[in-house]
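Overview (structure and organization)
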Amino acid sequence: MSGNNKYPQVVFHLTEQSFQQLYRMYWKKVFAICYNILRDEDIAAELSQDIFESLWKRRNTLQINASIEQYIFRSAKLEVFEYCRTTSNRQKHLQNVIQNQSTEGTCTEDTLNYNELYKTINNLINRLPYKSQEIYRLSQQQGLDKKSIASALLISEKTVEYHLYKALSFLRDNLAID
């Protein structure tokens, strides 16, 4: 333990009952943190659920160097930051694509079709649940494999496969040409 840390490092082993108690005690506060930053109830609720889901999945190995309340609130802020960073990166990428297309001076039918398709795909991706969006982007836009995504998000490879299948099926169904 370092000298400036007023909380010892503690390994938590949450029981179902203690987890339910933490959930009831802190879910509304976590939601409020997320909502106050994002101003979107659906996203705030989904991020709040993700925080508690991660806490439950890591219940037997969780090491906390602060009070559980501080840990949960910090997790909420980090989850919102990650969501904003991912959204910001997607917007920057889209702007770069549009800028590159316009600087080439080729406003051909193909370019217009490409831009329209790219916009449609992004709109469809935004309609997916947050976790499916996140996994799809890590796979398709950042080129990560299933194992890397599972490791980064602390989920199983099967969960990654499920969300990728769900996202790709949704896109395929909504992009079907008559």
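Look up a bit, the structure's there.
Analysis parameters
Residues numbered from 1 in each chain as written. Predicted model: local features only at pLDDT ≥ 70, side-chain atom pairs only at ≥ 80, totals over all residues. Heavy atoms only, no water. Helix = DSSP H or I, 4+ residues; strand = E, 2+ residues; numbered from the N terminus. Contact = heavy atoms within 4.5 Å. Areas by Shrake-Rupley, 256 points an atom, 1.4 Å probe, with all protein chains shown as cover. Buried < 20%, exposed > 50% of the residue type's maximum accessible area, 1.4 Å probe, protein only. Polar contact = N/O pair within 3.5 Å; in protein donor to acceptor, adjacent residues only side chain to side chain. Arc of directions from axis to C-beta. Expected span 1.5 Å × (residues − 1). Core = buried A, V, L, I, M, F, W, Y, C linked by side-chain atoms within 4.5 Å.

1. Points about the overall build of the protein chain
Along the backbone of the protein chain there are seven helices and two strands. For the protein chain, the α and β elements follow one another from N to C terminus as β-α-α-β-α-α-α-α-α. For the protein chain, the share of sequence-separated contacts (at least 6 apart) that also reach a separation of at least 24 residues comes to 67%. Entry remark: accessible area of the protein chain is about 11,700 Å², with carbon and sulfur atoms responsible for 51%.

2. So, the side chain of serine 48
With respect to the secondary-structure elements, serine 48 resides in helix 2 (residues 41-57). A residue is classified by how much of its surface remains accessible, and serine 48, at 0% relative accessible area, is buried. Of note is the side chain of serine 48, whose polar atom sits 3.4 Å from the backbone nitrogen of phenylalanine 31. Serine 48 has contacts with Trp27, Val30, Phe31 and Cys34, leaving out every residue within four places of it along the chain.

3. Comments concerning helix 6 (residues 146-153)
Of the residues making up helix 6, those classed as buried are Ile149, Ala150 and Leu153. Considered in projection along helix 6, the buried side chains sweep an arc of 100° and stay on one side of the axis. Of the exposed residues in helix 6, those oriented more than 90 degrees away from the buried face are Lys147, Ser151 and Ala152. On its buried face, helix 6 sits against helix 5 (130-141) and helix 7 (157-174).

4. Concerning helix 2
For helix 2, with 17 residues, the first-to-last C-alpha span of 24 Å sits near the 24 Å given by 1.5 Å per residue. Of the residues making up helix 2, those classed as buried are Ala44, Leu47, Ser48, Asp50, Ile51, Phe52 and Leu55. Between a side-chain oxygen at the N-terminus of helix 2 and the backbone nitrogen of aspartate 42 the separation is 3.0 Å; the capping residue is aspartate 40.

5. Some words on the nonpolar core
In terms of nonpolar packing, the biggest core is built from 24 residues, with Val30, Cys34, Leu55 and Ile72 touching the most fellow members. Ignoring any residue separated from it by four or fewer positions in sequence, one finds isoleucine 72 in contact with Leu22, Tyr26, Val30, Phe52 and Leu55. Among the nonpolar cores identified, the runner-up in size contains eight residues, and Ile135, Leu153, Ile155 and Leu164 belong to it.

6. Points about the side chain of serine 139
As for its position among the elements, serine 139 is in helix 5. Among the polar contacts made by the side chain of serine 139, one reaches the side chain of glutamine 140 at a distance of 3.2 Å. When residues no more than four places from it in sequence are discounted, the contact partners of serine 139 are Leu144, Ile149 and Leu164.

7. What to know about the environment of glutamine 20
Its place among the elements puts glutamine 20 in helix 1 (residues 16-38). In this structure, the C-alpha to C-alpha distance between glutamine 20 and tryptophan 56, residues 36 residues apart in sequence, is 9.8 Å.

The values reported here are purely geometric and, on their own, carry no functional implication.
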